[in-house]
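Each chain, letter by letter, is given below.
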Amino acid sequence: MSGAWRLIIDSGTYLQLHDHLFPGDGDEHGAVLAAGLATSARGTRLIARDLFVARDGVDFVPGARGYRRLTAEFVRDHIRRCRDENLVYLAVHNHGGSDSVAFSDVDLRSHERGYPALLDISGNPVGALVLAHEALAGDVWTPDRVRRPIAETVIVGRHLRRLHPSPPPPPPKAPPTWDRQIRWLGERGQDLLSRTKVAVIGAGGVGLPLTTMLGRLGVGHIVVIDPDRVEPLNLPRLPEATRLDAMTFLHGLGMPGLARRLSRSKVRIARQSVRRANRLARFEGYRSSVIEPAAARALTDCDFIFLAADSHHARLVFNAVCHQYLIPGIQLGTRIDVESRTGTVTDIRSNVRLVLPSTGCLRCNRLISGARLQDESRGDRDRARNRYADELPAPSVISFNHEIAARAVSDFLLMLVGLMEPAAPLDYLRLRPTRRRWEPVEGLPGRPKCRDCGYGSASRRSRGDSPALPLPERR
């Protein structure tokens, strides 16, 4: 549990907490947050799952040593609940002020008196949060009795808003390369991009141009997952790839097996594309399916995930990670329907689906098919059946793919730097190229008993590393 500690909380829960703590009376109020725990090389995250507000005068009362306190009964009930559900207990209260906040000496002494006993009950870290209107500080105690501050809080919603105990120092000056972007993002926005970790699942016709755009923006850490190698039929859709990458000459000599063994992987092409854009970027490639444990695990500490693969197993893992770790994501792809008898194109539609904690669950929107999952588990036959309209001519496909890739990257960028307008809908978007328009597609509401986004005890929502990811069994 070394490295920086962060709190991740969805915007709906944060708004409910903020409204409870700051009703306008200028007084202190209290609550408890139950949070999942996730650790990685980037640090430790507390992922807010459940909020329990303390009733004034009943659960939050005048203190014997301080101004206010949570009652022993309220603390007892919720520390036991956190213990039973393998969650982290966080007591919360508020102070005055705006963009800076800190615990008082009285607060810290109360932690020293009470938290060792709570650690004995819980077995997990326990701690406290104190909020001002635009700031948050934390004091977290780990089972080894080490105290950890909360360096940053990320509020996940239409914006990826960040709070700190006090205003962070000015970022370092960015290289001149980013001058045009800094003119509207500012130095802090460009610095934020350089510290962001983004994953792209699938490096094909949609994922590869998307990866290239992320590199050109200056994203500092890019993860790409794809099991496939470049083939001649891919070249019209992959402008970053060459005929040599696909070993086209070996196909021409009648040696397709050798060509497939010697052709370059799509992950390697993605790596080259990122390196050309930004040599300072860290690239992490996995030449495997996302259902492989190492690849799936690489997603769990990202700040944003793009799903550009068309399998339902990929949707299953993506959806689970987004909700289990409160990571925003976008699923995107193009579908072209062709009448098999005449070859007539009957429909073209491209989808950009925003997946947030409060909206867009792929399972609740019936976009993960149990029958398709079972079919895919039998082998590679399903992949052949789901190619883009049996490889329609490239000009139409590449243009649709690049258009939705650009839309998805723009959404990511606007969310990251806080420029998405408050009135902007968070619906799925569907591009109808033949009609020259984008259409909003209202998603279905989340189901309370959904195993990914639901609020029941069996849900993986916000539980961090506690439940295993839904990876298929090896045969």
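What you are looking at is a predicted structure, and each value in this text was computed from that prediction instead of being measured.

### Thoughts on the overall build of the protein
In terms of regular secondary structure, the protein is built from 13 helices and 18 strands. For 475 residues, the compact-globule estimate of 2.2 N^0.38 gives 23 Å, and the C-alpha radius of gyration of the protein, at 24 Å, lies within 12% of that figure. Its C-alpha atoms put the protein at 85 × 50 × 45 Å along the principal axes. By residue count, 54% of the 475 residues in the protein fall in the buried class. A separation threshold of at least 6 residues defines the contact pool for the protein, and within that pool the share at least 24 residues apart is 68%. Carbon and sulfur atoms provide 51% of the accessible area of the protein, an area that totals close to 21900 Å². Positive and negative side-chain charges in the protein, numbering 69 and 52 respectively, have mean positions lying 6 Å apart.

### Some remarks on the pattern of salt bridges
Across all of its chains, the model carries 33 salt bridges by this definition. For R183, the salt bridge goes to D179, with nearest N and O atoms at 2.9 Å. Here R183 pairs with D179, and both are found in helix α4 (residues 179-194), just four residues apart, close to one helical turn. Judged by its relative accessible area of 65%, R183 falls in the exposed class. The salt bridge partner of E439 is R435, with a shortest N-O separation of 3.2 Å.

### Some details on the sheet that holds strand β15 (residues 329-338)
Where strands meet in a sheet, backbone hydrogen bonds hold them as pairs that are either parallel or antiparallel. Spatially, the eight strands line up as an open sheet ordered β13-β12-β11-β14-β15-β16-β17-β18, and their pairing is mixed. Each having just a single partner strand, β13 (282-286) and β18 (437-441) make up the two edges of the open sheet. The sheet shows a mean angle of 15° between the axes of neighbouring strands, direction not considered. Two strands pair when backbone bridges link them, and strand β17 (residues 428-432) and β18 are joined in this way by five bridges, in the antiparallel orientation. Bridge pairing in β18 links L431 to W438. Each of β11 (197-201), β12 (221-225), β14 (304-307) and β15 is contacted by helix α5 (residues 207-217), which is oriented at about 165° to β11, the strand it contacts most. Taken strand by strand, helix α8 (residues 266-277) contacts β12 and β13, and its axis lies near 170° from that of β13.

### Some remarks on the packing of aromatic side chains
Centre distance and the angle of the planes are the two values used to describe a pair of aromatic rings. Considering all chains together, one arrives at four aromatic pairs under this definition. With a centroid separation of 6.1 Å and an interplanar angle of 90°, the aromatic rings of Y115 and W141 are classed as edge-to-face. Here the residue Y115 occupies a position in helix α3 (residues 105-122), and W141 occupies one in strand β8 (residues 135-141), the gap between them amounting to 26 residues. The class of Y115 is buried, set by a relative accessible area of 7%.

### Some details on the environment of S340
Counting through the fold element by element, S340 comes out in the loop between β15 and β16 (345-355). By relative accessible area, S340 is classed as exposed at 74%.

### Side note on the side chain of S288
Among the structural elements, S288 can be located in the loop between β13 and α9 (293-299). Residue class for S288 comes out buried when judged on its relative accessible area of 17%.

### What about the pairing of strand β3 (residues 43-53)?
Across the eleven residues of β3, ten count as buried, placing the element largely inside the fold. Where strand β1 (residues 5-10) meets β3, four bridges bridge the pair, whose relative direction is parallel. Across the sheet, L7 pairs through a bridge with L46, a residue of β3. From the end of strand β2 (residues 30-40) to the start of β3, which pair antiparallel, there are two residues.

### What about the confidence of the model for the protein?
When the pLDDT values of the protein are averaged, the result is 92; 95% of them are 70 or greater. Every residue in residues 386-396 is under pLDDT 50, and counting partners more than four places away or in other chains gives 16 contacts.

### Description of the nonpolar core
Within the largest apolar cluster, 79 residues are counted, with the highest numbers of intra-cluster contacts made by L210, L214, L299, I305, F306 and F412. When sequence neighbours within four positions are dropped, the list of residues in contact with L210 reads V200, F306, L332, A405, A408 and V409. F74, Y115, A132 and W141 belong to the second-largest nonpolar core, a separate cluster that totals 25 residues.

### Comments concerning the packing of helix α10 (residues 312-324) against helix α11 (residues 370-377)
The geometry of a pair of packed helices is captured by two quantities: the angle between their axes and the separation between those axes. In the contact formed by α10 and α11, the axes pass within 8 Å of each other and the chain directions differ by 115°. Along its contact with α10, which presents H312, H313 and L316, the element α11 presents R372, L373, E376 and S377. In terms of residue class, the contact of α10 with α11 is made up of two nonpolar, three polar and two charged.

### Digging into a nonpolar patch on the surface
A cluster of nonpolar side chains, contributed by L244, F249, L253 and M255, occupies part of the molecular surface with about 420 Å² of accessible area. With respect to the helices and strands, F249 occurs in helix α6 (residues 248-252).

Quick notes on the rules
Residues numbered from 1 in each chain as written. Predicted model: local features only at pLDDT ≥ 70, side-chain atom pairs only at ≥ 80, totals over all residues. Heavy atoms only, no water. Helix = DSSP H or I, 4+ residues; strand = E, 2+ residues; numbered from the N terminus. Rg over C-alpha atoms; globule rule 2.2 N^0.38 Å. Buried < 20%, exposed > 50% of the residue type's maximum accessible area, 1.4 Å probe, protein only. Contact = heavy atoms within 4.5 Å. Areas by Shrake-Rupley, 256 points an atom, 1.4 Å probe, with all protein chains shown as cover. Lys, Arg positive; Asp, Glu negative; His and termini not counted. Charge placed at Lys NZ, Arg CZ, Asp CG, Glu CD. Salt bridge = Lys/Arg side-chain N within 4 Å of Asp/Glu carboxyl O. Pairing = 2+ DSSP bridges. Axes fitted to C-alpha atoms, helices over the stretch in contact; angles between N-to-C directions. Phe/Tyr/Trp six-rings, centres within 6.5 Å; stacked < 30°, edge-to-face > 60°. pLDDT = per-residue confidence, 0-100. Core = buried A, V, L, I, M, F, W, Y, C linked by side-chain atoms within 4.5 Å. Nonpolar A, V, L, I, M, F, W, Y, C, P; charged D, E, K, R; others polar. Patch = residues over 30% accessible without salt bridge, like charges linked within 9 Å, V, L, I, M, F, W, Y side chains within 5 Å.

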